[in-house]
Amino acid sequence: MKAYVVERDALVQNIQALRRFAGSVPIWGVLKGNGYGIGLVPFSRILHENGIDHYAVTEIKEAEVLRENYPDASILMMRSTADPAEINALMDLGVYLTVGSYETAVAINGVAAERAAIAQVHIAVDTGMGRYGFLPEDSDKIISVYEYMKNIKVAGIFTHFHSSFSNEKATKHQFERFTAVVEKLKTAGYDTGMAHCCNSHAFVRHPEMHLDGVRIGSAFLGRLAFKDKLGLQRIGYAECTLEEIRWIPKGQTIGYAAGFKATRQMRTAVIGLGWYNGFAASRENDIFRIRDSIGGILHHLKNLLFPRRILVEVNGHKCRTLGHVGMVHAVVDVTDIDCAVGDKVTVAINPLAVKGLRVQYR
Ligand SMILES: *Cc1c(COP(=O)(O)O)cnc(C)c1O
């Protein structure tokens, strides 16, 4: 038995805490990457049951699945696309399209005109993320969309923060650039619709930035880079069973490269999870800041000198892994605990890293 477990009650509590904090501001549930790894359909269903009926996605397929399940939901395609086939598909689904450039606007307007329809869009403003969006200094181009694109209706405007998990100053700067564009458009008499900029970290840290809507993904899973004040619970862990238990003599080696050698007689157990499943898969590649890279180097050095203790939980006890975690196996030290083959083991794995495990809601 192996599974990735999602605790439904904890997830619901997180959703409720986030909704309370948002007050009357609508939350777009961001569901990219198969709903952050815990399943587009089951995750969106729990959001829907708990009052969240705005969803943001990056793939046509995701929009299709959501529309099929929630005929009345608001769905935003956050990725700007100028592909006529994609534009047609999104318009068929009644999804808000993102206009990230003048060229995209022309393409969307053209398709909409052919259909004798009006495309509902959100304007993306690039305040530093560098993917999609009009640069703040190009607000004239946004005005051209209002003026000349008769088959486009602007229903919203948004930007995306690049460092809200770490750099408040950069986030404030992006916020100011964004709101300056929104104000400029409003002052000139254009209706911007819903203005939104917050992702999870900005949402939790900067209530003053909530504006007319927020886009939340990782906070639902309680996985933020800093301790939040909302009491969010960390969602998701892997579960498996002890597969084989044995006594090994002093001097026995364990795992590839004989990474561990017993200095005494020990009782060990094999579990069927490894790095392929996302267990002990290194996070150190995910480097965003200089201090992280320096931290990463020190971390590697420390691991070299004092091998990291990778822990799992067996019958409520923390047990260390012995030697290197394998592709689909690991060996744990159960010398001092009461356990038997078939007992449950829980293992910390990020849902975004998990692979080869069935997601089970409980
Ligand atoms: C992924 C994403 C979000 C949500 O980010 P979280 O930090 O997971 O809340 C919001 N907006 C855009 C444009 C995104 O791509």
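These figures come from a predicted structure and were not determined experimentally. (Residues numbered from 1 in each chain as written. Predicted model: local features only at pLDDT ≥ 70, side-chain atom pairs only at ≥ 80, totals over all residues. Heavy atoms only, no water.)

A look at the side chain of Glu62
Step number 1: Here Glu62 shows up in helix H4 (residues 60–69).
Step number 2: Notably, Glu62 is buried but unbridged: the nearest opposite-charge side chain belongs to Arg79, and the N-O separation is 7.7 Å.
Step number 3: If near-sequence neighbours (up to four positions away) are discounted, Glu62 is found in contact with Leu31, Lys32, Gly33, Asn34, Leu40 and Val57. (Helix = DSSP H or I, 4+ residues; strand = E, 2+ residues; numbered from the N terminus. Buried < 20%, exposed > 50% of the residue type's maximum accessible area, 1.4 Å probe, protein only. Lys, Arg positive; Asp, Glu negative; His and termini not counted. Salt bridge = Lys/Arg side-chain N within 4 Å of Asp/Glu carboxyl O. Contact = heavy atoms within 4.5 Å.)

Notes on the environment of Ile152
Step number 1: Considering the arrangement of structural elements, one finds Ile152 in strand E7 (residues 152–158).
Step number 2: Of the residues examined, Ile152 reaches a relative accessible area of 11% and is grouped as buried.
Step number 3: If near-sequence neighbours (up to four positions away) are discounted, Ile152 is found in contact with Ala105, Ile108, Asn109, Ile118, Ala119, Val121 and Val145.

Concerning the packing of aromatic side chains
Step number 1: In the structure shown here, the tally under the stated rule is 5 aromatic pairs.
Step number 2: Arranged with centres 6.3 Å apart and planes meeting at 85 degrees, the rings of Trp28 and Tyr96 form a pair that is edge-to-face. Of this pair, Trp28 sits in strand E2 (residues 27–30) while Tyr96 sits in strand E5 (residues 96–99), placing them 68 residues apart in sequence.
Step number 3: The lysine or arginine in question, Arg205, covers the ring of Phe226, its NZ or CZ lying 3.9 Å from the ring centre. (Phe/Tyr/Trp six-rings, centres within 6.5 Å; stacked < 30°, edge-to-face > 60°. Lys NZ or Arg CZ within 6 Å of the ring centre and 35° of its normal.)

Regarding the packing of helix H3 (residues 40–49) against H4
Step number 1: It is at 11 Å that the axes of H3 and H4 come closest, and there the two elements cross at 45 degrees. Here H4 runs oblique to H3, going by the angle between their axes. The interaxial crossing formed by H3 with H4 has right-handed handedness. Judged by residue contacts, Leu40, Val41, Ser44 and Arg45 of H3 engage Glu62, Val65, Leu66 and Asn69 from H4.
Step number 2: Partitioned by chemical class, the residues of the contact of H3 with H4 number 4 nonpolar, 2 polar and 2 charged. (Axes fitted to C-alpha atoms, helices over the stretch in contact; angles between N-to-C directions. Parallel < 35°, antiparallel > 145°, perpendicular 65-115°, else oblique. Left-handed = near helix turned anticlockwise from the far one by under 90°. Nonpolar A, V, L, I, M, F, W, Y, C, P; charged D, E, K, R; others polar.)

A short note on a nonpolar patch on the surface
Step number 1: Where nonpolar side chains cluster on the molecular surface, the patch consists of Ile294, Leu298, Leu301, Leu304, Leu305 and Phe306 and spans about 700 Å² of accessible area.
Step number 2: As for its placement among the helices and strands, Phe306 is situated in the loop between helix H10 (290–305) and strand E14 (311–314).
Step number 3: Judged by relative accessible area, which is 58%, Phe306 ranks as exposed. (Patch = residues over 30% accessible without salt bridge, like charges linked within 9 Å, V, L, I, M, F, W, Y side chains within 5 Å. Areas by Shrake-Rupley, 256 points an atom, 1.4 Å probe, with all protein chains shown as cover.)

Some thoughts on the nonpolar core
Step number 1: Formed by 106 residues in total, the largest nonpolar core has its most connected members in Leu11, Phe220, Ile271 and Phe279.
Step number 2: Per-element tally for this core: the top contributor is helix H1 (residues 8–22), with 7 residues.
Step number 3: For this core, the domains that each give at least three residues are domain 1 (8–221) and domain 2 (237–361).
Step number 4: With sequence-adjacent residues up to four places away left out, Ile271 is seen in contact with Cys240, Thr241, Leu242, Glu243, Phe279, Val312, Val328, His329, Ala330, Val332, Val345 and Val347.
Step number 5: Counting residues in hydrophobic clusters, the runner-up holds 7 residues, among them Ile254, Phe260, Met266 and Leu322. (Core = buried A, V, L, I, M, F, W, Y, C linked by side-chain atoms within 4.5 Å. Domains from an automatic or database assignment.)

Overview of the side chain of Ser163
Step number 1: Within the secondary structure, Ser163 is located in the loop between E7 and helix H8 (168–187).
Step number 2: For Ser163, the contacting residues outside a window of four places in its chain are Ala170, Thr171 and Gln174.

Brief notes about the site of the ligand
Step number 1: Neighbouring the ligand are the residues Val30, Lys32, Tyr36, Met78, His160, Asn199, Ser200, Arg215, Ile216, Gly217 and Ser218.
Step number 2: Here Gly217 contributes a backbone N or O atom positioned 2.9 Å from an oxygen atom of the ligand.
Step number 3: Within the complex, 90% of the 390 Å² of free accessible area of the ligand lies under protein.
Step number 4: Broken down by secondary-structure element, the contributors of at least two residues to the shell around the ligand are helix H2 (32–36) and strand E9 (213–216).
Step number 5: By residue class, the composition of the shell around the ligand is 4 nonpolar, 5 polar and 2 charged. (Near = heavy atom within 4 Å. Polar contact = N/O pair within 3.5 Å; in protein donor to acceptor, adjacent residues only side chain to side chain.)

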